[in-house]
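# Tertiary structure, described
Each chain, written out:
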Amino acid sequence: MNKEDLYNYTEEMVKRAGITDPDYTDSFMTSLNEHPQIREEYIYYLEHGSYNCAYTIEGFSVADIVIWQMDHFKALLDDKVSQIKDNPYRMTLEGFLTMMKMEDDPDRYVSKIRSTTGTDYLGKY
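Heads up: these notes are all about the structure in this document. (Residues numbered from 1 in each chain as written. Predicted model: local features only at pLDDT ≥ 70, side-chain atom pairs only at ≥ 80, totals over all residues. Heavy atoms only, no water.)

### Let's talk about helix α6 (residues 88–104)
Taking 1.5 Å per residue, 17 residues should reach 24 Å; α6 reaches 24 Å between its end C-alpha atoms and fits that length. Buried residues of α6: Arg90, Met91, Thr92, Leu93, Gly95, Phe96, Leu97, Thr98, Met99, Met100 and Met102, and no others. You can read the cap of α6 off the contacts: a side-chain oxygen lies 3.1 Å from the backbone nitrogen of Tyr89, and it is on Asn87. (Helix = DSSP H or I, 4+ residues; strand = E, 2+ residues; numbered from the N terminus. Expected span 1.5 Å × (residues − 1). Buried < 20%, exposed > 50% of the residue type's maximum accessible area, 1.4 Å probe, protein only. Polar contact = N/O pair within 3.5 Å; in protein donor to acceptor, adjacent residues only side chain to side chain.)

### Points about the packing of helix α2 (residues 24–33) against helix α3 (residues 36–48)
Where α2 meets α3, the axes come as close as 7 Å, and the angle between the chain directions of the two elements is 120°. Considering the angle they form, α2 stands oblique to α3. Mapping the contact onto sequence places Phe28, Leu32 and Asn33 in α2 and Pro36, Ile38, Arg39 and Tyr42 in α3. Per-class residue counts for the contact of α2 with α3 are five nonpolar, one polar and one charged. (Axes fitted to C-alpha atoms, helices over the stretch in contact; angles between N-to-C directions. Parallel < 35°, antiparallel > 145°, perpendicular 65-115°, else oblique. Contact = heavy atoms within 4.5 Å. Nonpolar A, V, L, I, M, F, W, Y, C, P; charged D, E, K, R; others polar.)

### With respect to the pattern of salt bridges
Two side chains carrying opposite charge are able to pair once their charged atoms lie near each other. Counting across every chain of the model gives two salt bridges. Ionic pairing is found between Glu12 and Arg16, a salt bridge with its closest N-O pair at 2.9 Å. Separated by four residues within a single helix, Glu12 and Arg16 lie in helix α1 (residues 3–17), roughly one turn from each other. Exposure remark for Glu12: the relative accessible area of 34% places this residue in the partly exposed category. (Salt bridge = Lys/Arg side-chain N within 4 Å of Asp/Glu carboxyl O.)

### A closer look at α1
Helix length check: α1, at 15 residues, gives a terminal C-alpha distance of 21 Å against a target of 21 Å (1.5 Å per residue), a fit within 8%. Taking the backbone nitrogen of Glu4 as reference, a side-chain oxygen 3.1 Å away marks Asn2 as the first, capping residue of α1. One or two residues past the end of α1 sits Gly18, with phi positive at roughly 80°.

### What to know about the environment of Asp104
By secondary structure assignment, the location of Asp104 is in helix α6. Along the sequence, Asp104 and His35 sit 69 residues apart, while their C-alpha atoms lie 9.1 Å from each other. At 2.9 Å, the side chain of Asp104 and the side chain of His35 are in polar contact.

### Some remarks on the packing of aromatic side chains
The final tally for this structure, using the stated rule, is six aromatic pairs. Each ring, one from Tyr42 and one from Phe96, has its centre 5.2 Å from the other, and the planes form 80°; the classification is edge-to-face. Of this pair, Tyr42 sits in helix α3 while Phe96 sits in helix α6; the two residues are 54 residues apart in sequence, bridging distant segments of the chain. Look at Tyr42 and you get buried, because its relative accessible area is 0%. For Phe96, a relative accessible area of 0% translates into the label buried. (Phe/Tyr/Trp six-rings, centres within 6.5 Å; stacked < 30°, edge-to-face > 60°.)

Take a look at the structure:
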């Protein structure tokens, strides 16, 4: 995928995600270009509509990150006013953003994924 198409597809994802920050697409693309393996995963997602999961950080793929975010922020997702609820575009963008942060600071994010759980877990009640 060429750079112009990648930018245009990302801009459309941002619009569908309901993100109104005028600098979001440029910021996302700058970060994406600093993380080439994650960029390839993102391009795969855009081209196929599914996660490739070929690239992992400490064994975690972008799909793992999205699932962790859904679990971790379940209370927010249950809120009717959540901007993320029922918005796969927003969840996907947030997943890739988190993966880029995780690549920069793996210990911080890996420990969170391994140690924290959302509002639902065995033995909660």
